[in-house]
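The primary structure of each chain is shown beneath.
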Amino acid sequence: MLANLLTRTLSGFVTLVVVLVIVFFALEALPGDACTAYLERDARDALLAACRERFGLDEPVPARFSSWAMALASGDLGTSILRDRPVGDILWPRFRNTALLAGVAAAMAVPIALVFGTLAALRQDGVFDIAASTVVLVAMTVPEFVIATVLVFIFAIWLQWAPAVVTVSAGAPVGDLIGAIALPAAVLTTTLVAHAMRVHRATVVEYLAFEFVEAARLRGLPKWRIVLFDVLPAALPPTLSVTAVSLAGVLGGVVIIERVFNYPGLGTLALQAILERDLPVLQGAVAVFAVTYVLLAITADLLTELLDPRTRRGTS
Amino acid sequence: MSILLHHRARFAAVSSRASVIVPLLRVIWRRPSGAIGLCICAVHALLALLGGFIVPYDPLAQDPTAVLAAPSFAHPFGTDHLGRDVLSRTIVGGQTAMAVTGIAAILAVLWGGSVGILAAMRGGLADEAIMRLVDAVGALPYLLFLLLLAAFVGDSVVALIPALALFYGVAIVRVTRAAALSVYSTDFVQAAIVRGEPVGRVLRQEILPNVLDVILVDGALRWSWMILGFSALSFLGFGVAPPTPDWGLMIAETRHVLAIAPWAALWPCVALATFIVGFNLLIDTAGKLIGVDHEARGQR
């Protein structure tokens, strides 16, 4: 298991490096740089040159890449060109906000997916199962901004239960954010539930057909006991690991969800950084996204191994 | 597995495309999910093709006397903030996205499919390098990549085509490689290689017919996700430029009047949602019937 963890970490590290290199050169290929974005169109040549010299943008691309990579290796994320602040200081509260959003969504999604997925599996092809799989299909395919628009219409405008946009600043205390988080978290929860529930239903269906279930039934155990104490613990690892992986995938939608609700997270920051050609900030945000993705993938693997008694016995 | 492969090989090799599709549609029609998907897709295809001829109003015509008018007999879906007919705009609102992403999807299938098959056949370091690149692209939020590409190509929708093809082809590389690997190790391919048949011939005669259905089904799903990505770009202001009617852009433009004129944003929502759900129902049913399974890959 340790060797497995090591290979996963190594390949995750390689992925991370490739991502950072791609983004560096992608942003390099974009027309304009931070100084043209900062000084806008009326900048004269002398002003532009001074700005570029100040932030080291006048150096050739390979030189800048190596100096940026060296700084990163020593833990220095650099300084935001437009905001004139260390990237770490800008990223941290944004990361906290996005982690809060994703955490709340995951905490709501897993129990919902477990309950409804199990119910759907118990009455396979029944009315509930068909209804549930329809909802899952819709939630998985309809884009987040459409779900967001419909939820805003229902809950913010029609019922007036929750605010339609978040007006809290990035550094606000967690307590202030919790009040504003309901709708963006609901959109994220919807997509997460869909992914987790589909897998959980499939796993429970698979385990219900196993011989140990039949044996337990022949011993005269009631069905609810078999499901609760035999099938569910066995079906939990795949569900959790898929939830971790889809949480990583769903993070892609976080960018647009945050934008729709004006939520002060990493996604809105990365979007802004692209528009402003603010390379250090974009690289920092991208690094955080990629690291999170890799960590979630590794977590999914570990969960599978730790929660599955078969692999545990095999290694000890 | 071998029975399935054999069946698939016969499926693709013996019959021409047209004589496969008609019976396939007939089988799809017998499944409830397939029938629903087929109906929705047919309606959307008709509307997209005939759009310009059947719209009650010019989708760009502004009527200052009927700004944000509620649905009525004259305007069944109401009007938007510039007094444009929402029904007309919704009917033609999918055309740009479908056309742009349609071309991009064909390009993506071509390059992704070729690279995937070649990676599976070559193996070794090239394969490893390609897969690391594919992994890296998968590790980033898809929207960030799309935005980078969109910022790169500027305001041109046509220039988005190669960008979309490039990005979405990456996922096709992974799927095709996996499918080609399992075919490559089968006896009939190995026999052909041992017989000394040239690589190109092995590729065309033995491998391609057996992975074609996987690539096509995946390409079709990719196309629907491309439409989502394109709509998201339009929604964020990086895709279609106003005043062109486009579902994503229409939702973005009319979101701020959601409280007083919800019809202007909700009808394009309905159009986009039904199209995506219907298309996925159709392709999922078709995929299951041909024996192409994508339960494992629900990611965008």
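Attention now goes to the interface of chain B and chain A. At the interface, 43 residues of chain B touch 47 residues of chain A. Counting the contacts that link chain B with chain A gives one residue pair in polar contact (both at pLDDT 80 or more). At the level of elements, α6 (124-138), α7 (142-153), α10 (199-236), α11 (247-254) and α12 (262-290) of chain B are the ones that each hand at least two residues to the side of chain B that touches chain A. Residue composition of the side of chain B that touches chain A, grouped by class: 31 nonpolar, six polar and six charged.

All names here are of chain A. Together, Met 108, Ile 112, Val 115, Phe 116, Leu 119 and Phe 128 make up an exposed nonpolar region whose accessible area comes to about 480 Å². When residues in the nonpolar patch are grouped by element, the largest group, five residues, is from helix α5 (residues 87-122). Position of Phe 116 relative to the elements: it lies in helix α5. Classification of Phe 116 as partly exposed rests on a relative accessible area of 38%.

Our focus in this paragraph is the nonpolar core. The biggest cluster of nonpolar side chains holds 161 residues, and the ones touching the most others in it are A:Phe145, A:Phe261 and A:Leu282. A per-element tally of this core places α10(B) first, with 18 residues. Not counting residues within four places of it along the chain, the set of residues in contact with A:Leu282 comprises A:Val23, A:Leu27, A:Ala270, A:Ala273, A:Ile274 and B:Leu148. Judged by nonpolar contacts, the second largest core, of ten residues, contains B:Val55, B:Ala261, B:Trp263 and B:Ala264.

Bringing the pattern of salt bridges into the picture now. All names here are of chain B. Tallied over the full model, the rule gives eleven salt bridges over all chains. Arg 84 serves as the salt-bridge partner of Asp 80, at 3.0 Å between the closest nitrogen and oxygen. Note on accessibility: Asp 80 and Arg 84 belong to one class, buried. For Glu 253, the salt bridge is made with Arg 89, and the minimal N-O distance between the two is 3.9 Å. Highlighted residues: Glu 253 in helix α11 and Arg 89 in helix α4 (residues 86-92), separated in sequence by 164 residues. Given the relative accessible area of 17%, Glu 253 is considered buried. The exposure class assigned to Arg 89 is buried, which follows from its relative accessible area of 1%. Here the salt bridges do not stand alone but share partners, grouping Asp 80, Arg 84, Arg 89 and Glu 253 into one network.

This brings us to the domain arrangement of chain A. Residues and elements named next belong to chain A. When the domains of chain A are assigned, the result is domain 1 (2-73) and domain 2 (90-312). With 18 residues of domain 1 at the contact, the number on the domain 2 side is 16 residues. Taken together, the two surfaces of domain 1 and domain 2 that pack against each other cover about 1,500 Å², and 72% of this comes from carbon and sulfur. Contact with domain 2 buries surface across domain 1, with Arg 8, Leu 16 and Leu 27 losing the most and accounting together for 33% of the total. At the boundary of domain 1 with domain 2, the tally comes to zero salt bridges. Connecting domain 1 to domain 2 are zero residue pairs in polar contact (both at pLDDT 80 or more). If you list the elements that add at least two residues to the side of domain 1 that touches domain 2, you get α1 (2-29) and α2 (34-39).

In this fold, B:Ala265 is placed in helix α12. As for B:Ala265 and B:Leu249, which are separated by 16 residues in sequence, their C-alpha atoms are 9.6 Å apart. Among residues more than four places away in sequence, those in contact with B:Ala265 are A:Thr149, B:Ile251, B:Thr254 and B:Leu258.

About the cut-offs
- Residues numbered from 1 in each chain as written.
- Chains lettered and ligands numbered in written order.
- Predicted model: local features only at pLDDT ≥ 70, side-chain atom pairs only at ≥ 80, totals over all residues.
- Heavy atoms only, no water.
- Contact = heavy atoms within 4.5 Å.
- Polar contact = N/O pair within 3.5 Å; in protein donor to acceptor, adjacent residues only side chain to side chain.
- Helix = DSSP H or I, 4+ residues; strand = E, 2+ residues; numbered from the N terminus.
- Nonpolar A, V, L, I, M, F, W, Y, C, P; charged D, E, K, R; others polar.
- Patch = residues over 30% accessible without salt bridge, like charges linked within 9 Å, V, L, I, M, F, W, Y side chains within 5 Å.
- Areas by Shrake-Rupley, 256 points an atom, 1.4 Å probe, with all protein chains shown as cover.
- Salt bridge = Lys/Arg side-chain N within 4 Å of Asp/Glu carboxyl O.
- Buried < 20%, exposed > 50% of the residue type's maximum accessible area, 1.4 Å probe, protein only.
- Core = buried A, V, L, I, M, F, W, Y, C linked by side-chain atoms within 4.5 Å.
- Domains from an automatic or database assignment.
- Buried area = accessible area lost by both parts, 1.4 Å probe.

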